[in-house]
Amino acid sequence: MSGQWADSTRRDELPADWYTVIRPYVLHRDEHRCRWREGRIICGHHANQVDHIVPGSDHRYENLQALCEHHHAIKSSREGNAARWRERAKRPPERHPGLIWP
């Protein structure tokens, strides 16, 4: 197991048939080609990853796409950073010991 999955429970949330039915179907449907789109250009490199277009637990085929390892890492990193910033925004501001608060 890679370091990215070491502390994650994400794999446990996948349907039982993820590796036997869903993932192979999506890769075959997308012809093992990366569907990453930048403007009008689609990557098209060999894809070996299946990505949720809209993050979460919606495992319907319409919400899944094949991505190459490079673009899947970029997308996952962006989603993780966005989630961390959302969490940070929820925290109340910390009191600074030298400031006088009203």
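Because the structure is a prediction, the values reported are computed rather than measured. (Residues numbered from 1 in each chain as written. Predicted model: local features only at pLDDT ≥ 70, side-chain atom pairs only at ≥ 80, totals over all residues. Heavy atoms only, no water.)

Trainee: Please set out the overall build of the chain residue by residue, giving values where relevant.
Mentor: Counting secondary structure elements, the chain contains 2 helices and 4 strands. Evaluated residue by residue, the chain yields a buried proportion of 22% over its 102 residues. Long-range pairs, those at least 24 residues apart, make up 45% of the contacts in the chain with a sequence separation of at least 6. Accessible surface, the chain as shown: approximately 8100 Å² in total, 54% of it carbon and sulfur. (Helix = DSSP H or I, 4+ residues; strand = E, 2+ residues; numbered from the N terminus. Buried < 20%, exposed > 50% of the residue type's maximum accessible area, 1.4 Å probe, protein only. Contact = heavy atoms within 4.5 Å. Areas by Shrake-Rupley, 256 points an atom, 1.4 Å probe, with all protein chains shown as cover.)

Trainee: For the pattern of salt bridges, give the residues involved together with the corresponding values.
Mentor: The full count for this structure, using the stated rule, is 5 salt bridges. Across the pair Asp30 and Arg29 runs a salt bridge, and its minimum N-O distance is 2.9 Å. According to the relative accessible area criterion, Arg29 is partly exposed, its value standing at 33%. Residue Lys75 is joined to Glu79 by a salt bridge in which the shortest nitrogen-to-oxygen separation is 2.6 Å. Highlighted residues: Lys75 and Glu79, both in helix α2 (residues 69-90), separated by 4 residues, approximately one helical turn. When salt bridges that share partners are traced, they join Asp51, Lys75 and Glu79 into one network. (Salt bridge = Lys/Arg side-chain N within 4 Å of Asp/Glu carboxyl O.)

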